[in-house]
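# Fold and contact review
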Amino acid sequence: QKYFKRQEADDKTTETNINSTNSYLKFADDPEKAWSVVGSSQVFKEVKVACNEPKQEGHVRVVCISDTHNVPMLGTLENIPQGDILIHAGDFTKRGKIHEVEKFNKFLGSFDHPHKVVIAGNHDIGFHEESAQRLHHLNFVPEAEVKAVLTDCTYLQDSEVEILGLRIYGSPWTPVFYDWAFLKHRGDAINEIWKKIPKDVDILVTHGPPLGRGDVVNFGKTHAGCANLLDIVQNYVKPRYHIFGHIHEGYGCSSDGRTTFINASTCNHLYRPVNQPVVFDIEVNDRT
Ligand code: 5GP
Ligand code: MN
Ligand code: MN
Ligand code: MN
């Protein structure tokens, strides 16, 4: 069994999952087909998008946005609620050009959240030298120069930070879809990326959704999430929260009983910033 070494011997739920895991991962390159195998056995619990009550003691308030694509000052983004940590799950620009990043960094500076965590997405091309060179006709400056502009946050790229007692890990990669940045083929290639995520991070931030959670695209109403990511998240990492964007139409939240999945896409599929930030309170002393 592919991931058996990493399972806890005494974890019975995990052992049941090993079987379902292997059967749907045969179709890792075809999310619609993979979902037809695993979808019916998935638990879905409704989760509220907003948190209007006052914050309780021992909790950290997290405010999530994503896919703002250079339209920060319009619509819903004028009312980003206060919180302890602001998280952006990628696609903060259209191309990741240095002037776009300057604008985004200023936008971040206009908020009072004591901690801000940002990952890149497939649109933030300037953050990925390999793609920037392939798309050289767009005249990118070197990756290091683009990244140096982003001063008003903690930028995560396949890396982790601990904030207020919470372990937060971020990764920009999504399955190949046209020619953008941070793309890997579904199956083994993207799985190599997901295998680097540490077990038991509290909050996982990826640009794209896992299979079946906020991943239905408007065109054709099919699933576009990553089957390998679903497998790693449910069978190994088991974070308390998984935050993403990328499939703008998939905005919303659900829980599988252990992890709360949040598609925080601010823009809709027409790139209009219509969706509210997603806000949740996480207890810091209750590590499960
Ligand atoms: P973005 O270009 O901002 O990364 O994604 C915008 C839109 O492109 C999404 O809301 C979705 O409609 C579509 N899209 C992105 N990735 C995929 C994919 O892997 N498959 C399909 N079918 N559509 C995608
Ligand atoms: Mn845990
Ligand atoms: Mn986007
Ligand atoms: Mn995207």
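Summarised in this report is the structure supplied together with it. On a predicted model such as this, the values are computed, not experimentally measured, just so you know. (Residues numbered from 1 in each chain as written. Chains lettered and ligands numbered in written order. Predicted model: local features only at pLDDT ≥ 70, side-chain atom pairs only at ≥ 80, totals over all residues. Heavy atoms only, no water.)

## Observations regarding the packing of aromatic side chains
Aromatic ring pairs are defined here through the distance separating the ring centres and the angle between the ring planes. One pass over the full model with this rule turns up nine aromatic pairs. Ring geometry for F107 versus F111: centroids 4.9 Å apart, planes at 85 degrees, classification edge-to-face. In this structure, F107 and F111 share a single accessibility class: buried. Arranged with centres 5.4 Å apart and planes meeting at 85 degrees, the rings of W173 and F182 form a pair that is edge-to-face. Since its relative accessible area comes to 9%, W173 is described here as buried. Put simply, the rings of F92, F104, F107, F111, F127 and Y155 pair up and form one aromatic cluster. The cationic tip of K97 hangs over the ring face of F140; the distance from NZ or CZ to the ring centre is 5.2 Å. Its guanidinium or amino end placed over the ring of F44, R213 lies 3.9 Å from that ring's centre, counting from NZ or CZ. (Phe/Tyr/Trp six-rings, centres within 6.5 Å; stacked < 30°, edge-to-face > 60°. Buried < 20%, exposed > 50% of the residue type's maximum accessible area, 1.4 Å probe, protein only. Lys NZ or Arg CZ within 6 Å of the ring centre and 35° of its normal.)

## Considerations on the coordination of the manganese ion (ligand 3)
Bound to the manganese ion (ligand 3) are the protein donor atoms D67 (OD), H69 (NE2), D91 (OD) and H248 (NE2), situated 2.1 to 2.3 Å from the metal. Written as a sequence motif, the donor residues of the manganese ion (ligand 3) are D-x1-H-x21-D-x156-H. Metal-to-metal, the separation of the manganese ion (ligand 3) and the manganese ion (ligand 4) is 3.5 Å; D91 coordinates the two. Neither residue differs from the other here; D67 and H69 are each classed as buried. (Donors = N, O, S within 2.8 Å, 3.2 Å for Na, K, Ca; no water.)

## Let's talk about the pairing of strand β14 (residues 278–283)
With five of six residues buried, β14 is to be regarded as a mostly interior element. Alignment of strand β2 (residues 59–65) against β14, held across six bridges, turns out to be antiparallel. In the strand pairing of β14, C64 is matched with V278. (Helix = DSSP H or I, 4+ residues; strand = E, 2+ residues; numbered from the N terminus. Pairing = 2+ DSSP bridges.)

## Structural notes on the site of ligand 1
Ligand 1 sits among 13 residues. The nearest are N122, H123, H248, E249 and Y271. Between D91 and ligand 1, the recorded distance is 3.1 Å, taken from a side-chain N or O atom to an oxygen atom. Note that an oxygen atom of ligand 1 is positioned 3.0 Å from one of the side-chain N or O atoms of Y271. Coverage of ligand 1 by the protein amounts to 82% of the 500 Å² it exposes when considered alone. The pocket occupied by ligand 1, as judged from atoms lying within 2 Å of grid points, is the largest pocket. (Near = heavy atom within 4 Å. Polar contact = N/O pair within 3.5 Å; in protein donor to acceptor, adjacent residues only side chain to side chain. Areas by Shrake-Rupley, 256 points an atom, 1.4 Å probe, with all protein chains shown as cover. 1 Å grid on protein atoms, 1.4 Å probe; cavity = no way out; pocket = protein on both sides within 12 Å on 5 of 7 lines; lining within 4 Å. Sits in = over half its atoms within 2 Å of the grid points.)

## Quick notes on the pairing of strand β7 (residues 166–171)
With five of six residues buried, β7 lies mostly within the body of the structure. Across five bridges, strand β6 (residues 159–163) lies against β7 in antiparallel orientation. Counted as the bridge partner of I163 is L166 from β7. Counting the residues between successive antiparallel strands, the hairpin from β6 to β7 contains two residues, one of them, L164, with a positive phi of roughly 50 degrees. In this structure, β7 lies alongside strand β10 (residues 203–206), joined through four bridges in parallel fashion. The residue of β10 that forms the bridge with G170 is V205.

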